[in-house]
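# Breakdown of the fold
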Amino acid sequence: MQLSLFHKHRYDGIPGDGFVKETKLTIVFTGIYFIIMAGIASAQTIPEEARRHRARGEAAMEMARSPDGYILAIAEFQNVIRLAPHWPAAYYSLGLVYEKTGEFPEALARFQEYIRLSPNSSDAAQIGDKIYKLEYKAEQALTVTEIIKVLFSLSNEQVWKKTGNCSTVPIEFREAN
């Protein structure tokens, strides 16, 4: 790699001339260039242990039969991120798992990180659309806090009233009028 600079200086060949001569200075940064490129290459090298955890996470996803079955995949992909925090594929994989388990805010965060780390990827537009869908799904899903509020409200007789005979049939709850 060469960097060329143009430098204007006073030409003093003839006393009092005042002629300005443009001189092209060429600086060769070959050594620095290779040091920088070696640093970039090593930053992009993914540790073998991270690759191993990613493969294990993919296997766990393939074997999962229910949302609870994805817990092992989540653990594997979290290990990948711990070992290779700048590897976009790790966030993509974890986003997929969270999406399958219905944890839409978590999935959304992982896909956003994927786009942040890999904005020029060939699938950036597709992932952008997936992010929009996940935003909608996250807005529609009940949060844990909302579920707890509903369950807690069951004990509040001002909100709900009991109907039926509690000793012979299951209790039925209806919203109080």
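For the structure, check the block above.
Residues numbered from 1 in each chain as written. Predicted model: local features only at pLDDT ≥ 70, side-chain atom pairs only at ≥ 80, totals over all residues. Heavy atoms only, no water.

### Quick word on helix α5 (residues 104–117)
The line we're drawing: Each helix is a run of H or I in the DSSP string that is no shorter than four residues. Each strand is a run of E no shorter than two, and both are numbered from the N terminus. Any helix carries an expected span of 1.5 Å times its number of residues minus one. Each residue's exposure class comes from its accessible area (1.4 Å probe, protein chains only) as a fraction of the maximum for that residue type: buried when under 20%, exposed when over 50%, partly exposed otherwise.
Across its 14 residues, α5 extends 20 Å between first and last C-alpha, which sits within 8% of the 20 Å expected from 1.5 Å per residue. The set of residues buried in α5 consists of F104, A107, L108, R110, F111, E113 and Y114.

### Observations regarding the side chain of E76
In plain terms, the rule: Here a polar contact is recorded for every N or O atom pair within 3.5 Å, except that within protein the pair must consist of a potential hydrogen donor and a potential acceptor, and residues adjacent in sequence are included only if both atoms are side-chain atoms. In this description, contact between two residues means that some pair of their heavy atoms is separated by no more than 4.5 Å.
Relative to the assigned elements, E76 resides in helix α3 (residues 71–83). According to the relative accessible area criterion, E76 is buried, its value standing at 12%. Among the polar contacts made by the side chain of E76, one reaches the side chain of R56 at a distance of 3.2 Å. Leaving out residues up to four positions away in the same chain, E76 has contacts with H53, R56 and G57.

### What about a nonpolar patch on the surface?
As a reminder of what qualifies: Patches here are clusters of residues that have more than 30% relative accessible area and form no salt bridge, with a 9 Å joining cutoff for like charges and a 5 Å cutoff for nonpolar side chains (Val, Leu, Ile, Met, Phe, Trp, Tyr). Per-residue and other accessible areas were derived by the Shrake-Rupley procedure at a 1.4 Å probe size, with only the shown protein chains allowed to occlude residues. Criterion for a salt bridge: a side-chain nitrogen of Lys or Arg within 4 Å of a carboxyl oxygen of Asp or Glu.
A surface patch of nonpolar side chains, amounting to about 370 Å² of accessible area, comprises L142, I147, L151 and L154. Within the secondary structure layout, L142 lies in the loop between α6 (124–140) and α7 (144–153). By relative accessible area, which is 59% here, L142 ends up exposed.

### Focus on the environment of I115
Within the secondary structure, I115 sits in helix α5. Here the alpha-carbon distance between I115 and I127, two residues 12 residues apart in the chain, equals 7.5 Å.

### As for the environment of I46
Position of I46 relative to the elements: it lies in the loop between α1 (30–44) and α2 (48–63). Distance in space between the C-alpha atoms of I46 and L83 is 8.5 Å, their sequence separation being 37 residues. Leave out the neighbours within four places in its chain, and I46 touches R51, A84 and W87.

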